[in-house]
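Here is what each chain is made of, one letter per residue.
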Amino acid sequence: MVNNEDRFKKIIAHAKEYGFVFQSSEIYDGLAATYDYGQYGVELKNNIKNYWWKSMVQYHENIVGIDAAIFMHPTTWKASGHVDAFNDPMIDNKDSKKRYRADVLVEDHIAKIEGKIQKEVKKATKRFGESFDEQQFLSTNPRVLKYQEQIESIKKRLYSSLEDERLDDVKGLIEELGIVDPVSGSRNWTEVRQFNLMFSTQLGSLSEDANKIYLRPETAQGIFVNYMNVQKTGRMKIPFGIAQMGKAFRNEIVARQFIFRMREFEQMEMQFFVRPGEELKWFEYWKEQRMKWHLGMGIPASEYRFHEHDNLAHYANAAFDIEFNFPMGFKELEGIHSRTDFDLKSHQDHSGKKIQYFDPEINESYVPYVVETSIGLDRTFLAVFSYAYTEEKLEDGSERVVLKIPPFLAPIKAAVLPLVKKDGLPEKALEIFDGLKYDYLCFYEEKDSIGKRYRRQDAIGTPYCITVDHKTLEDNTVTIRERDTMKQERVGIDKISEIIGARLKGNQ
Ligand code: ATP
C-alpha cells in the first residue's frame, strides 16, 4: 500500500513522463508555481472545458457565454474590493528567509492535531475490533474531546483575528502554539503583514502609478462589467446567466501541491442574475446542479463533499465549496457563492452608470442579485487525472499503469496500430485512421511490439486500441481492445466508429 504522498509523487511524475503537465520553462530550472500543459494535457483540459461549456451554455436556454480581456480598467479592482482587501496574511522566518501564509501555518498545526485524533481512532479500532463504534468514540473519548476543543479554540481565534485585521494576534497565536518553520525548525518570526495577491504591470510606455493595471485575479469581474451589454444585446430576461472561462493570476505566497495552487491558472465561472429575495432558492439549485456535473464524470460521490464556509465574505449571504478528495486530502475544487448585489452595485457606484434591470413581471427596477459558480480548471484536471491514475497487477504477474479517464474526456479516443511494420499493414491502418480522424482524435503508431504500444496507450488513458493484422487485409476486420478490461474483440472496420461513439455518449 503506497501512502498518499508517494502516490501524489507518482502522479506528478506520470503527468510529466506522458506529456500531460510540464514545469514551466523547465530548461531554465522552472518557474515556481507555473506549469505548461503538454500534448495530452491540453486535450484533457480542452475536453473538461468543453464538458463545462456545454453543460452551462448549450444545455441552458438562459445562459450565454463571453470572453472578456484579462486586462481591465484599474477601477474595476477598486470596485470589486480586490485593491483593498484581496490580501493574504504573510509571515517570514528570519532564519530560513522563507515566506509563509500565517493562516496556513496555523491550519497546518490544526491538521497535526487532527492527525492525533486519527491516531487515537486507529489505536481504538485495533483494541475494540469489530465492536468499535467510531462516532461514539469521537464524541466521548476524553483525549479526543480535548483535541477537538483545542482545534475549535484555535480556529475561533484565528478567524476572528483575521476578520478584525488583528495581525499581531495572529502572530501571538503562532508563538503561543509554538509553531516552527517547517524548513529550519526556527521560531524566529517577523510580524504578520498583509500581502496583496494581485499582479500589477504598466499600461503603455509610462511607468507612472496612474498607468498601473492588474492581471485579473478572477474572471468574474469581466462578467459583471459586461452585465448591461449582454443583458441588452442578448435581450436576456432574469433569471439568466453569463459564463466565462479563462486565465486568472494570483501571486500566491505559498504555491505548492503541483497544479492545485498556481500563480497563473484557469477558472470557469458562471454568474447567475436573479431577482432579489430569490437568491437562496437559486443557490440551492446551483449547488445541486454543480455536484451533478462533477458526478457526471463518473467519479463516485464519496470523493466529493460540500463544505460550508466558516467565514462568509461581508457581501455574501451563503457560500459552499465543493471539495474533492485530492491525493493530499479533501480540498476546495469549486465555490458556489451567493454574492447579493454587491458587485453590480459597486460597479454602478464607481462607474456612475446605471446597472439595473426592469422586471416586467413585478413592474419594478432593481440591481440583480448574483449566485456564482466558480471552478478551477486546473484543479478539475488534477481531480480527474489523480482519480484515474491506477496501478494494476495483472494475472500474468506483470504490472501496468492505466489512466482510467472517462472516455469522453480522454485525450485520445483510439489508437490505430498495425501489428507489424510491413506487408501493407501500415497502409491499411492509415486508411482506418483517415476514416476516423474527422470524428475522433486518434493516434497512429507502428514502432515497438504491440504489447508495449498497448501499455503506452493505457498510460495516457486511450479507451480503444485498434490493431490491424494480416487477417484485416483478407476480411476487413480488426481487433479492438478496451482499455479497462483489456478484452479484445474482432469487429468489422465499418463498426469501429459506432463502438467508439457508443462509449462517449452518456456523460454529456
Ligand atoms: P483557496 O482557498 O484554495 O485559495 P479560493 O477560495 O481563493 O481558493 P476562489 O477565489 O473561490 O478560490 O476561486 C474559485 C476557484 O478557482 C477555486 O475553487 C479553485 O478551484 C480555483 N483557484 C483559486 N486559486 C487557485 C490557484 N492559485 N491555482 C489554481 N486554482 C485556483
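Please read these numbers as outputs of a predicted model, since none were measured by experiment.

## Thoughts on the packing of helix H1 (residues 4-17) against helix H13 (residues 377-388)
Each pair of packed helices can be described by the angle between their axes along with the distance between the axes. H13 packs onto H1 with a crossing angle of 105 degrees between their chain directions and a minimal axis gap of 10 Å. Comparing their axes, H13 and H1 come out roughly perpendicular. Of the residues in H13, those in contact with Arg 7, Phe 8, Ile 11, His 14 and Ala 15 of H1 are Leu 382, Phe 385, Ser 386 and Tyr 387.

## What about the nonpolar core?
With 65 residues, the main nonpolar core has Phe 20, Leu 44, Ile 48, Trp 52, Trp 286, Phe 381 and Leu 409 as its most contacted residues. The dominant element in this core, judged by the number of residues it contributes, is H13, at seven residues. Looking at which domains feed residues into this core, each of domain 1 (44-72 + 214-393) and domain 3 (398-506) gives three or more. Leave out the neighbours within four places in its chain, and Ile 48 touches Met 268, Trp 293, Leu 377, Thr 380, Phe 381, Val 384 and Leu 409. Counting 26 residues, the second largest nonpolar core, distinct from the first, contains Ile 117, Val 121, Leu 167 and Val 170.

## Here's the deal with the site of the ligand
Taken together, 15 residues sit near the ligand, with Glu 252, Arg 261, Met 262, Glu 332 and Leu 333 positioned nearest. Here an oxygen atom of the ligand sits 3.1 Å away from a polar atom, N or O, in the side chain of Arg 379. About the coverage of the ligand: the protein hides 84% of its 600 Å² of free accessible area. Of all the secondary structure elements, the ones that give two or more residues to the shell around the ligand are strand E10 (264-274), strand E13 (329-340) and strand E16 (369-376). Counting residues per element, the shell around the ligand draws most heavily on E13, which supplies five residues. Here the shell around the ligand is composed, by residue class, of four nonpolar, five polar and six charged.

## Digging into the sheet that holds strand E6 (residues 193-196)
The strand order across the open sheet built from three strands is E5-E4-E6, with neighbouring strands paired in antiparallel fashion. At either end of the open sheet lies a strand with only one pairing partner, and these are strand E5 (99-101) and E6. Within the sheet, the average angular offset between the axes of one strand and its neighbour, ignoring direction, is 50 degrees.

## Examining the sheet that holds E13
One open sheet accounts for seven strands, arranged E3-E9-E10-E16-E13-E12-E11; its pairing is mixed. Lying at the two open borders of the sheet, with one neighbouring strand each, are strand E3 (63-65) and strand E11 (304-308). Neighbour to neighbour, the strand axes of the sheet diverge by 25 degrees on average, direction disregarded. Pairing analysis gives nine bridges linking strand E12 (residues 318-326) to E13, with the strands arranged antiparallel. Of the residues in E13, the one forming a bridge with Glu 323 is Glu 332.

## Structural notes on the packing of helix H5 (residues 102-128) against helix H8 (residues 167-176)
Contact geometry for H5 and H8: axes closest at 10 Å, N-to-C directions at 35 degrees. Crossing of H5 against H8: the hand is left-handed. Side by side, H5 and H8 meet where Ala 102, Leu 105 and Val 106 of the first sit next to Val 170, Leu 173 and Ile 174 of the second. Grouping the amino acids of the contact of H5 with H8 by side-chain chemistry returns six nonpolar, no polar and no charged.

## Focus on a negative patch on the surface
There is a patch of like negative charges on the surface, built from Glu 107, Glu 152, Glu 308 and Asp 310. When its relative accessible area of 51% is taken as the criterion, Glu 152 is described as exposed.

## So, the packing of aromatic side chains
Taken as a whole and assessed by the stated rule, the structure comprises 26 aromatic pairs. Ring centres of Phe 260 and Phe 326 lie 5.2 Å apart, and the angle between their planes is 75 degrees; this geometry places the pair in the edge-to-face category. Of this pair, Phe 260 sits in the loop between strand E9 (240-249) and E10 while Phe 326 sits in strand E12, and the two are 66 residues apart along the sequence. For the pair Phe 260 and Phe 326, a shared accessibility class is recorded, and that class is buried. Counting every residue linked through ring pairs, the aromatic cluster contains Phe 20, Tyr 37, Tyr 40, Phe 381 and Phe 385. We note Lys 287 situated over the ring of Phe 306; from NZ or CZ to the ring centre the distance is 4.9 Å. Across from the ring centre of Phe 320, 3.7 Å away, lies the NZ or CZ of Lys 287, which sits over that ring.

## Topic: the side chain of Arg 339
Looking at the element boundaries, Arg 339 is found in strand E13. You can call Arg 339 buried: its relative accessible area is 3%. The contact partners of Arg 339, leaving out residues within four places of it in the chain, are Glu 218, Gln 221, Phe 224, Gln 271, Tyr 315, Ala 316, Val 370 and Glu 372.

## Concerning the environment of Leu 138
Checked against the element boundaries, Leu 138 lands in helix H6 (residues 134-140). Look at Leu 138 and you get buried, because its relative accessible area is 17%. Taking the C-alpha atoms as reference points, Leu 138 and Glu 120, 18 residues apart in sequence, are found 9.3 Å from one another. If we skip the residues at most four places from it in the chain, Leu 138 touches Ile 117, Val 121, Val 144, Leu 145 and Gln 148.

## Brief notes about helix H2 (residues 41-58)
For H2, with 18 residues, the first-to-last C-alpha span of 24 Å sits near the 26 Å given by 1.5 Å per residue. Taken as a whole, H2 has its buried residues at Gly 41, Leu 44, Lys 45, Asn 47, Ile 48, Lys 49, Tyr 51, Trp 52, Ser 55, Met 56 and Val 57.

## Quick notes on a positive patch on the surface
There is a patch of like positive charges on the surface, built from Lys 116, Lys 119, Lys 122, Lys 126 and Lys 146. Take the positive patch: its biggest share by element is four residues, from H5. Here Lys 146 is to be found in helix H7 (residues 142-163).

## Some points on the domain arrangement of the chain
By domain assignment, the chain separates into domain 1 (44-72 + 214-393), domain 2 (87-196) and domain 3 (398-506). Each of domain 2 and domain 3 was reduced to a C-alpha centroid, and the two centroids are 51 Å apart.

Procedures and definitions
- Residues numbered from 1 in each chain as written.
- Predicted model: local features only at pLDDT ≥ 70, side-chain atom pairs only at ≥ 80, totals over all residues.
- Heavy atoms only, no water.
- Axes fitted to C-alpha atoms, helices over the stretch in contact; angles between N-to-C directions.
- Helix = DSSP H or I, 4+ residues; strand = E, 2+ residues; numbered from the N terminus.
- Parallel < 35°, antiparallel > 145°, perpendicular 65-115°, else oblique.
- Contact = heavy atoms within 4.5 Å.
- Core = buried A, V, L, I, M, F, W, Y, C linked by side-chain atoms within 4.5 Å.
- Buried < 20%, exposed > 50% of the residue type's maximum accessible area, 1.4 Å probe, protein only.
- Domains from an automatic or database assignment.
- Near = heavy atom within 4 Å.
- Polar contact = N/O pair within 3.5 Å; in protein donor to acceptor, adjacent residues only side chain to side chain.
- Areas by Shrake-Rupley, 256 points an atom, 1.4 Å probe, with all protein chains shown as cover.
- Nonpolar A, V, L, I, M, F, W, Y, C, P; charged D, E, K, R; others polar.
- Pairing = 2+ DSSP bridges.
- Left-handed = near helix turned anticlockwise from the far one by under 90°.
- Patch = residues over 30% accessible without salt bridge, like charges linked within 9 Å, V, L, I, M, F, W, Y side chains within 5 Å.
- Salt bridge = Lys/Arg side-chain N within 4 Å of Asp/Glu carboxyl O.
- Lys, Arg positive; Asp, Glu negative; His and termini not counted.
- Charge placed at Lys NZ, Arg CZ, Asp CG, Glu CD.
- Phe/Tyr/Trp six-rings, centres within 6.5 Å; stacked < 30°, edge-to-face > 60°.
- Lys NZ or Arg CZ within 6 Å of the ring centre and 35° of its normal.
- Expected span 1.5 Å × (residues − 1).

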